[in-house]
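As a plain string of letters, each chain reads:
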Amino acid sequence: MSTHVITSLTLDSLDQLSAHARRCVFWEMDPGALHDARGFCDQEFEKEAWLSMVMLEWGSCGQVAVRDGKPLGSALYAPPRMIPRAQLFPTSPVSSDAVLLTSLRLEPSGVEEELGPSLLAAVVTDLVRRGVRALEAFGIRSDDLGPASDVASATAALECSPAECMISAEFLEDYGFEVVAPHHRYPRLRLELNRDHEWKVDVEEALDRLLKAAALEMVEISELARV
């Protein structure tokens, strides 16, 4: 069975995004404009136009995981000034020295392989090498306190909503993000970036390769012993 590959998103690799990721404009369009245009808005066209704009002005804004050409998951991020919805949260604005992580979405096969941490590590590695000081995200907590009303959401017909298109605050906290703007539903979290993050990622990848090589060698030795 082939292994997955995580690479930076480019204009030539937009087809590596999942169907939902290619058409979701929860972050990329102003909610008011999206509401007024419902039924007439080509969401996939708008998403591609936004990605093209960001890539041409700022560079790659995503990491994608694929296996045998099929999408497993993706993470998208960009400067907050390029993200219309970033200004509309009760915990806005995003810090001036930070890039905003907007989405981290996995397909069922990506969930099985637990690729969330790997995609997040790819985002961190990319931003560290680009000299970004911090990564922030608006997390979402469970709605046991009732329906959310602080952030305008896309209509159900467009299959977008905070619950569908935002990242779990608990997931972010588990991987080192700290709450910098508390809120019962939409906290803003921050991860400080430095060279140590890249070093840690490189070491973890090297250890993983060594462990896989050692396991393979043990299998070969066991087979030889049986012979």
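What you see is a predicted model, and the numbers here were worked out from it, not measured in a lab.

Draft legend 1. Summary view of the pairing of strand β5 (residues 134-140). Among the 7 residues in β5, 7 count as buried, and that is most of the element. By the alternation rule, side chains of β5 split into A134, E136, F138 and I140 and L135, A137 and G139, which are all buried. As defined by bridge partners, strand β4 (residues 98-106) adjoins β5 across 3 bridges and the pair is classed as parallel. Its bridge partner lying in β5, A98 is registered against A134. Bridge count between β5 and strand β8 (residues 188-192): 5 bridges; the pairing is antiparallel. When the bridges of β8 are listed, E136 appears paired with R190.

Draft legend 2. How the structure looks around the pattern of salt bridges. For the structure shown, the criterion picks out 13 salt bridges. Between R22 and E44 there is a salt bridge whose closest N-O contact spans 3.7 Å. A residue pair is termed long-range when its members are at least 10 positions apart, and R22 in helix α1 (residues 19-23) and E44 in helix α3 (residues 43-57) qualify at 22 residues. A salt bridge links D126 to R130; its shortest N-O distance comes to 2.9 Å.

Draft legend 3. Local environment of α3. The end-to-end C-alpha distance of α3, which contains 15 residues, comes to 21 Å, matching closely the 21 Å that a straight helix rising 1.5 Å per residue would cover. Taken together, the buried positions of α3 are Q43, K47, W50, L51, S52, V54 and M55. Packing partners of the buried residues in α3 comprise α1 and β3 (70-78). A positive phi of about 115 degrees marks G59, the residue just after α3.

Draft legend 4. Structural context of the nonpolar core. L9, W27, L51, F138 and M166 are the most contacted members of the largest nonpolar core, which has 29 residues in total. Take this core: its biggest share by element is 4 residues, from α3. With near-sequence residues (within four places) excluded, M166 lies in contact with F26, W27, F89, F138, G139, I140, S161 and Y186. In terms of nonpolar packing, the next biggest core, distinct from the first, is built from 24 residues, A75, I167, L191 and L193 among them.

Draft legend 5. How the structure looks around the packing of aromatic side chains. Throughout the structure, instances matching the rule amount to 7 aromatic pairs. On the numbers, 4.3 Å between centres and 10 degrees between planes, the contact of F89 with F138 is stacked. With F89 in the loop between β3 and β4 and F138 in strand β5, this pair connects stretches of sequence that are 49 residues apart. Looking at F89, the relative accessible area reads 5%, which means it is buried.

Draft legend 6. Just the side chain of R188, in detail. Within the secondary structure, R188 is located in strand β8. Taking the relative accessible area as the measure of exposure, R188 reaches 10% and is therefore buried. Sequence-distant contacts of R188, that is, excluding residues within four places in its chain, are made with T91, P93, V94, S95, E136, A137, F138, E178, V179, V180 and A181.

What counts, and at which threshold
Residues numbered from 1 in each chain as written. Predicted model: local features only at pLDDT ≥ 70, side-chain atom pairs only at ≥ 80, totals over all residues. Heavy atoms only, no water. Buried < 20%, exposed > 50% of the residue type's maximum accessible area, 1.4 Å probe, protein only. Helix = DSSP H or I, 4+ residues; strand = E, 2+ residues; numbered from the N terminus. Pairing = 2+ DSSP bridges. Salt bridge = Lys/Arg side-chain N within 4 Å of Asp/Glu carboxyl O. Expected span 1.5 Å × (residues − 1). Contact = heavy atoms within 4.5 Å. Core = buried A, V, L, I, M, F, W, Y, C linked by side-chain atoms within 4.5 Å. Phe/Tyr/Trp six-rings, centres within 6.5 Å; stacked < 30°, edge-to-face > 60°.

By themselves these figures say nothing about function.
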